[in-house]
Amino acid sequence: METRTRGEILLLEDDRLYSETLCDFLEEEGFAVEACYDPHTAFERAYARRFDLYLFDINLPFIDGLETFAQLRQGGDDTPVVFLTSREDRESLLRGFALGAHDYLRKPVDLLELSARIDALLRRRRGAETIDLGECRLERSRRRLICEGQSVKLGPKLYDLLELLVLHAPEVVTKEEIFERLWDGEESSDGALRVYIARLKKLFPHALENVRGVGYRFHLPKERP
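Figured I'd write up the structure that's included with this text.

Parameters at a glance
Residues numbered from 1 in each chain as written. Predicted model: local features only at pLDDT ≥ 70, side-chain atom pairs only at ≥ 80, totals over all residues. Heavy atoms only, no water. Phe/Tyr/Trp six-rings, centres within 6.5 Å; stacked < 30°, edge-to-face > 60°. Helix = DSSP H or I, 4+ residues; strand = E, 2+ residues; numbered from the N terminus. Buried < 20%, exposed > 50% of the residue type's maximum accessible area, 1.4 Å probe, protein only. Patch = residues over 30% accessible without salt bridge, like charges linked within 9 Å, V, L, I, M, F, W, Y side chains within 5 Å. Areas by Shrake-Rupley, 256 points an atom, 1.4 Å probe, with all protein chains shown as cover. Salt bridge = Lys/Arg side-chain N within 4 Å of Asp/Glu carboxyl O. Lys, Arg positive; Asp, Glu negative; His and termini not counted. Charge placed at Lys NZ, Arg CZ, Asp CG, Glu CD. Contact = heavy atoms within 4.5 Å.

Taken as a whole and assessed by the stated rule, the structure comprises eight aromatic pairs. Judged by centre distance (5.7 Å) and plane angle (45 degrees), the rings of F83 and Y104 are tilted. Taken together, the positions of F83 in strand β4 (residues 81-85) and Y104 in strand β5 (residues 103-106) put the pair 21 residues apart, joining distant regions of the chain. With respect to class, F83 is no different from Y104; both count as buried. Through successive ring pairs, a cluster of aromatic residues spans F51, Y54 and F56.

A separate point is a negative patch on the surface. Taken together, the side chains of E20, D24, E27 and E28 make up a negatively charged region of the molecular surface. With respect to the helices and strands, the residue D24 is situated in helix α1 (residues 16-28).

It is worth spelling out unusual backbone geometry at this point. Backbone torsion omega between K107 and P108 reads -5 degrees, so that peptide bond is classified as cis. Relative to the helices and strands, P108 resides in the loop between β5 and α5 (111-125). The residue E148 is not glycine, and still its phi comes out positive at about 50 degrees. Residue classification places E148 among the exposed residues on the basis of a relative accessible area of 64%.

Counting through the fold element by element, L55 comes out in strand β3 (residues 53-57). Each C-alpha atom of the pair L55 and E20 lies 13 Å from the other, and the pair is 35 residues apart in sequence. Ignoring sequence-local partners within four residues, the contact set of L55 consists of I9, L10, L11, L12, L26, V82, L84 and L114.

What follows is the structure, given as structure tokens:
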């Protein structure tokens, strides 16, 4: 009988020893991992089959991990990505999020944190209908927010904003992506977005974070034991 994995991962890491460490750990955690050491091989593997997640190092020879991911996106690939980086520069961070990065982890990576972040990302990707937000819950099929047993009245855009932030948590959602998703060509403004954000902060004062110059991040509550 075939054992079901927690998810299939394409790992792009040119440091072979570090790649083996990541593979061994993630496979012990129940993930299926296919490792490659250069972007050209990553392209071949990605075009040959579908993965649940990409785990890409940024610092690579010839083509870096950001450009590798950008080319996959240009080809219509919507697989989520987690970047591993030793870089500290803001430019790399902003470029990664602009390309649609789902998460970043800085080396040396805490392996248990890596496993938890991947697991959480894949659960969101599979689209849970009800999402626990602590004292509240988001019921996606009914497009409503329930807090302390009562339905909270949200307009369509406010609900869409909350769902967008929650589904991408803990990654940052850029203002550009919010405008594209919520307004879709309609006239929008920073002022209008700030009004919606202020309303969400009243509901979730400790969960919503403003990442200055980039966008907003929602922090999901820790899972209950």
